[in-house]
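The primary structure of each chain is shown beneath.
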Amino acid sequence: MRISLNWLQELVELKLSPEDLAETLTMAGFEVEDIEDRRTWADGVVIGRVIEREQHPNADKLSVCQVDVGGGENLNIVCGAANVRADIYVPVATVGTYLPNKDLKIKPAKLRGVPSQGMICSLEELGLPTDVDGIHIFTGENLKVGSDVRPLLGLDDVILDVTATANRADALCMVGIAREVAAITGGKLKISQPEEISVPQGAGNLSIEIDETRACPAYIGTAIAQVKIAPSPQWLQQRLLAAGVRPISNIVDITNYVMLEWGQPLHAFDRDRLQAIANSEKIKVGVRFADNGESFKTLDGKTRKLSTQNLLITVNNKPIALAGVMGGEESEVHDGTENLILEAALFDTVAIRRSSRSVGLRSESSTRYERGVNQVELEVACRRALSLIVEIAGGTLVTQEISETRADSSTWTRSIELRLDRINQILGPVDLGEETGEIKSEDVERILTALGCRLTVSGDGTWTVSVPAYRYRDLEREIDLIEEVARLYGYDNLCDTLPEKTEIGYLPVDQELIRKLRATFRAAGLTELMHYSLVKPGEERQVVLSNPLFTEYSALRADLISGLIDAFEYNIQQGNGALNGFEIGRIFWEEEDGFQETDIVAGIIGGDVTSSKWINGGSSRSLSWFEAKGVLESVFQVMGLQVEYQPDRRNEFLHPGRTASLWVGGNRLGVFGQVHPQIRSARDLPDDVYVFQLSLDVILDAIDSDDIQRIGFKSYSTYPASDRDIAFFAPINLTVAEIEKAITKAGKNLLDSVELFDEYRGEKVPSGQRSLAFRLIYRLSDRTLTDADVEPVHQKVRDTLVEQFGVSLRS
């Protein structure tokens, strides 16, 4: 917000220079981004009177003027403006003047052979906006030749560009900043309340009927007659220009001025146009939400499609404004306006935020409503605007109607318990000069009293603090009051404290495991991917957002596989080849007992994992199911997981005959399999694309945390191993995992490892069976094995397979 110091000093006593004030505000949490010292823009520019104007002898578009600037002798000045003439008062930059906005220093010169001793200025050359093509002409009375032009043009001012934090809605106005400056600097406040204005009640054809009282708890409508639309007085225009607002007309300027002064947005409607829209002399103003698909033309000339999120001001149920955002073109105040309806209202912050966002329109009004307008001073702002309209536009107050559903005024403030011990515990020691100490109770009372709070001692070092109504929205808890104490006591007065000794930092076990898991997947050749948690709606058990930013991202993802398939398809379409990647993220779903969420790790494998293609003649080689499974197995091996595979047909994304569920210690880990043929066909994907989705919690629970925190040495055997092969016919529905589990159990401590090295189906293999061959490695760590040691155990393995599974041994 742009703060005029000339305006500010009318509201509060200023004791500091602009630079010191900017530093003080910044240290108190109100960052000053820029200091615009307008006093330098026209330093040396004075009021001059053009005594005589003659045509330049050598140029058609130049004039030679005799200008009186109060120095005794007239200045000869060559001017190129078409609107220069005799007997006018103009701004004159004398010799030696520097104009920073044009980076121009005025020097004696000759223009086409005629000497010139200065420059008659336009407003643009002085850094001010203007619609006039030419020099500026003063129209006021009692102008003194030779006097400084800066007070007349509002250039005797300094502008601070102040940024208020999102929680400080009260600081989006001059009154709010004045209160803050008074609290910080100790300056005396000079805020005067507008005088009471008598307005007839129920005397006209105006009524207020609010359908959405929760979205609009208070609405004041005032009918005003016989206004005269004209440019605003110079002082008002200068105030608006200093704040960065373009003057339009006296009525519109008054509403903007009051908004800047008190933070309360107002809007003026042309009453005659409202009657035309309503097709009746009786006007019934209402507030309702728009119908879906309803359209409305705003003041900027754009027709906007509305939804049920848009809050409307209506007359006889016909829309005339987007409540709290922008008025309508059909009811705007214009040059011929004679009668007004002035709106002063409170709107719900959420309703205005949703409405503004849904149509992509933000305004100064909506910015204030979104953060929260001070409900206590609604009537104050309304009275201020009405008094200015009567004074400046000559209006006559006809009638006023009020819709009031606000809670009792006693609820507009709150009381908070504050403890001195808690303040010092949070803020720590403070710098007292040569020594350190604690914040004293008198400091707390001084600071909070300056902020408008009322303190009542409720115990030893304890107060009950009554918060002022204009700080109701951001002072809610004890910690908020402690922050205010720190802010006004001065952050630079709080001591910098460091721990007495440093300690070695470490990550929690879960974070260590996740880091290791990421590194292991990367080492296996997979790239880490990251997707939005927001997805398109339409799936079962999805968690749908009630207030989404976009319709395309209005639900939370229920799995990671669909996002990985999308990424794989996109990479193929972009010519980047097949994608091997993994993602660790959170999924969400809805159960009967409420919403659920968990972290999972998922991946997609479809590209050639080898880095060279020369073996295959330059062509890529697709992965088999077992090779893709091997990538996953390599990760499990590094992480120390013993994973079992079981056939699975439940996942709709995966091939029903090439999918396995994964289990660890009796807990379901996840699923691994080939992408379903229908999905591959619809997405135009390669044939061999595999995905997996694993529960991160099951992985973390299954890994021994001691192995991560403390790496120990495991001895290995220096004695040779004894290997045996075993081959047999087994039913096709008998899984290798079941066989390996039975072999391991039968081999006991003597068996070091077991591995499937051959599978065959075809001739000489009984129908419904397959030939499997396993290699068993036997080893001891303390001696060399003999046949007498191995044969009994190996025979037990053979017997176990026959007895348990009914296999037909071939060797």
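Numbers given for residues are sequential positions, taken from 1 along each chain in its written order. The model is predicted, so local features are restricted to residues of pLDDT at least 70 and side-chain atom pairs to those at 80 or more, both for listing and for counting; the totals for chains, interfaces and linings are taken over all residues. The basis for every side-chain value is the complete set of non-hydrogen atoms in the structure, without hydrogens or water.

A. Here's a closer look at the overall build of the protein chain. Scanning the protein chain for helices and strands turns up 21 helices and 42 strands. For the protein chain, whose C-alpha radius of gyration is 41 Å, the value lies well above the compact-globule estimate of 28 Å for 811 residues. Overall size of the protein chain, expressed as C-alpha extent along the three principal axes, is 130 × 75 × 65 Å. Burial here depends on accessible area, computed with a 1.4 Å probe over protein chains only, as a share of the maximum for the residue type. Under 20% is buried, over 50% is exposed, and the range in between is partly exposed. Across the 811 residues in the protein chain, those meeting the buried criterion constitute 47%. By definition, any uninterrupted DSSP run of H or I lasting at least four residues is a helix, any uninterrupted run of E lasting at least two residues is a strand, and each is numbered from the N terminus. Radius of gyration here uses only the C-alpha atoms, and the compact-globule reference equals 2.2 Å multiplied by the residue count raised to the power 0.38.

B. Just the sheet that holds strand S6 (residues 89-94), in detail. Two strands are counted as paired when DSSP detects at least two bridges linking them. Pairing in this open sheet of five strands is antiparallel, and the strands run S5-S4-S3-S6-S11 from one edge to the other. Unpaired on one side and paired on the other, strand S5 (75-79) and strand S11 (118-120) mark the two borders of the sheet. Strand-to-strand, the axes of this sheet are offset by a mean angle of 45 degrees, without reference to chain direction. For strand S3 (residues 45-55) and S6, the ladder comprises five bridges, and the chain directions are antiparallel. Here an axis means a line fitted to C-alpha atoms, over the contact stretch when the element is a helix, while the angle between two N-to-C directions is reported on a 0 to 180 degree scale.

C. Spatial organisation of a nonpolar patch on the surface. Excluding any residue in a salt bridge, patches collect residues exceeding 30% relative accessible area, merging like charges within 9 Å and nonpolar Val, Leu, Ile, Met, Phe, Trp and Tyr side chains within 5 Å. Methods summary: accessible areas were calculated by the Shrake-Rupley approach with a probe of 1.4 Å, and residue burial reflects only the protein chains presented. Salt bridge, as applied in this entry: a Lys or Arg side-chain nitrogen positioned within 4 Å of an Asp or Glu carboxyl oxygen. Taken together, the side chains of Tyr532, Leu534, Leu549, Phe550 and Tyr553 present a nonpolar region at the surface, about 570 Å² in accessible area. Mapped onto the fold, Phe550 is located in the loop between strand S31 (543-544) and strand S32 (555-556).

D. Quick look at helix H6 (residues 250-262). In this analysis, the expected span of each helix is defined as 1.5 Å times one less than the number of residues it contains. For H6, with 13 residues, the first-to-last C-alpha span of 18 Å sits near the 18 Å given by 1.5 Å per residue. Of all 13 residues making up H6, twelve are buried, and the element is well covered by its neighbours. By the burial criterion, the buried members of H6 are Asn250, Ile251, Asp253, Ile254, Thr255, Asn256, Tyr257, Val258, Met259, Leu260, Glu261 and Trp262.

E. Representation of the sheet that holds strand S27 (residues 454-459) within the structure. The strand order S24-S28-S27 describes an open sheet built from three strands, whose pairing is antiparallel. The sheet terminates laterally at strand S24 (415-419) and S27, the two strands that pair on one side only. Taken pair by pair, the neighbouring strands of this sheet meet at an average axis angle of 30 degrees, ignoring direction. Against the sheet, helix H11 (residues 420-427) touches S24 and strand S28 (462-466), its axis set at about 65 degrees to S24. Residue contacts follow a heavy-atom distance rule, with two residues in contact if any of their heavy atoms lie within 4.5 Å.

F. A look at the pairing of strand S13 (residues 206-210). Burial along S13 is one-sided: Leu206, Ile208 and Ile210 are buried, and none of Ser207 and Glu209, which face the opposite way, are. Note that S13 and strand S16 (residues 283-289) share five bridges and pair parallel. Note that in S16 the partner of Ser207 across the bridge is Lys284.

G. The packing of helix H8 (residues 349-358) against helix H9 (residues 364-371), seen in detail. Two elements in contact, H8 and H9, have axes whose closest approach is 7 Å; the angle formed by their N-to-C orientations is 140 degrees. Looking at the two axes, H8 sits oblique to H9. The hand of the H8/H9 crossing is left-handed. Contacts between H8 and H9 involve Thr349, Ile352, Arg353 and Ser356 from the former and Ser366, Tyr369, Glu370 and Arg371 from the latter. In this scheme, roughly parallel covers angles under 35 degrees and roughly antiparallel covers those over 145, while 65 to 115 is roughly perpendicular and the rest are oblique. By convention, the crossing between two helices is left-handed when the near helix turns anticlockwise from the far helix through less than a right angle, and right-handed when the turn is clockwise.

H. Quick peek at the environment of Thr800. On the secondary structure map, Thr800 appears in helix H21 (residues 787-805). Under the relative-accessibility criterion, Thr800 is labelled buried at 19%. Along the sequence, Thr800 and Ala746 sit 54 residues apart, while their C-alpha atoms lie 7.1 Å from each other. Excluding residues within four positions of it along the chain, Thr800 makes contact with Ala742, Ala746 and Phe805.

I. Seen up close, the pattern of salt bridges. Tallying each qualifying case throughout the model produces 49 salt bridges. Note that Asp170 and Arg471 form a salt bridge whose closest N and O atoms lie 4.0 Å from each other. Remark: Arg471 occurs in the loop between S28 and helix H13 (478-489) and Asp170 occurs in the loop between strand S12 (158-163) and helix H4 (174-185); sequence separation between them is 301 residues. Accessibility assignment for this pair places Asp170 and Arg471 in one class, buried.

J. Local environment of a negative patch on the surface. Taken together, the side chains of Glu19, Asp20, Glu23 and Asp492 make up a negatively charged region of the molecular surface. Considering the arrangement of structural elements, one finds Glu23 in helix H2 (residues 18-27). The class of Glu23 is partly exposed, set by a relative accessible area of 48%. For the charge count, each Lys or Arg is scored as positive and each Asp or Glu as negative, with His and the chain ends excluded. Working definition for charges: the position is that of NZ of Lys, CZ of Arg, CG of Asp or CD of Glu.

K. Inspection of helix H7 (residues 271-278) at higher detail. Every buried residue of H7 is accounted for by Arg271, Leu274, Ile277 and Ala278. Each buried residue of H7 lies within a common arc of 115 degrees when the element is viewed along its axis, so the set occupies one face. Under the rule applied, a polar contact is a pair of N or O atoms within 3.5 Å (in protein, one hydrogen donor and one hydrogen acceptor; residues adjacent in sequence only if both atoms are side-chain atoms). Two or three places before Asp272, at the start of H7, stands the capping residue Asp270, its side-chain oxygen 3.0 Å from that residue's backbone nitrogen. Where H7 terminates, the next one or two residues include Asn279, which has phi positive at roughly 60 degrees. In this description, the arc belongs to the directions extending from the helix axis to the C-beta atoms.

L. Main features of the side chain of Glu583. By the element assignment, Glu583 lies in strand S33 (residues 581-591). Taking the relative accessible area as the measure of exposure, Glu583 reaches 2% and is therefore buried. A polar side-chain atom of Glu583 sits 3.2 Å from a polar atom in the side chain of Arg557. Contact partners of Glu583, with chain neighbours within four places excluded, come to Leu529, Met530, His531, Arg557, Leu560, Leu564, Ile600, Val601 and Ala602.

M. Structural context of the environment of Thr367. Assignment of secondary structure puts Thr367 in helix H9. Placed 201 residues apart in sequence, Thr367 and Phe568 show a C-alpha to C-alpha distance of 42 Å. For Thr367, the residues in contact, after removing those within four places along its chain, are Leu172 and Arg362. There is a polar contact of 2.9 Å between the side chain of Thr367 and the backbone oxygen of Ser363.

N. Just the packing of aromatic side chains, in detail. Stacked, edge-to-face and tilted labels apply to pairs of Phe, Tyr and Trp rings (six-membered ring for Trp) whose centres lie within 6.5 Å, assigned for plane angles under 30 degrees, over 60, and everything in between, in that order. All chains considered together, the criterion is met by ten aromatic pairs. For the ring pair Trp235 and Tyr257, a centre distance of 5.6 Å and an interplane angle of 85 degrees mean the geometry is edge-to-face. Of this pair, Trp235 sits in helix H5 (residues 234-242) while Tyr257 sits in helix H6, and the two are 22 residues apart along the sequence. Assessed through its relative accessible area of 35%, Trp235 is described here as partly exposed. An angle of 70 degrees between the planes, with centres 6.0 Å apart, marks the rings of Tyr532 and Tyr553 as edge-to-face.

O. Region of the structure containing the nonpolar core. Core analysis: the biggest nonpolar cluster contains 93 residues, and Leu8, Leu160, Tyr219, Ile313 and Phe347 have the highest contact counts within it. For this core, the element with the highest residue contribution is helix H10 (residues 378-393), accounting for nine residues. Beyond its immediate chain neighbours, meaning those up to four positions away, Leu8 contacts Ile3, Leu14, Leu21, Met174, Ile177, Ala178 and Val181. Throughout, nonpolar core names a set of buried Ala, Val, Leu, Ile, Met, Phe, Trp, Tyr and Cys residues whose side chains join them through atoms within 4.5 Å. Among the nonpolar cores identified, the runner-up in size contains 33 residues, and Ile514, Met639, Ala660 and Leu669 belong to it.

P. A look at unusual backbone geometry. For Asn317, which is not a glycine, the phi torsion comes out positive at approximately 70 degrees. Relative to the helices and strands, Asn317 is located in the loop between strand S19 (311-315) and strand S20 (318-322). By relative accessible area, which is 48% here, Asn317 ends up partly exposed. Its identity is not glycine, yet Asp684 carries a phi of approximately 55 degrees, on the positive side. With respect to the helices and strands, the residue Asp684 is situated in the loop between helix H17 (677-683) and strand S38 (690-695). Residue classification places Asp684 among the exposed positions, given a relative accessible area of 63%.

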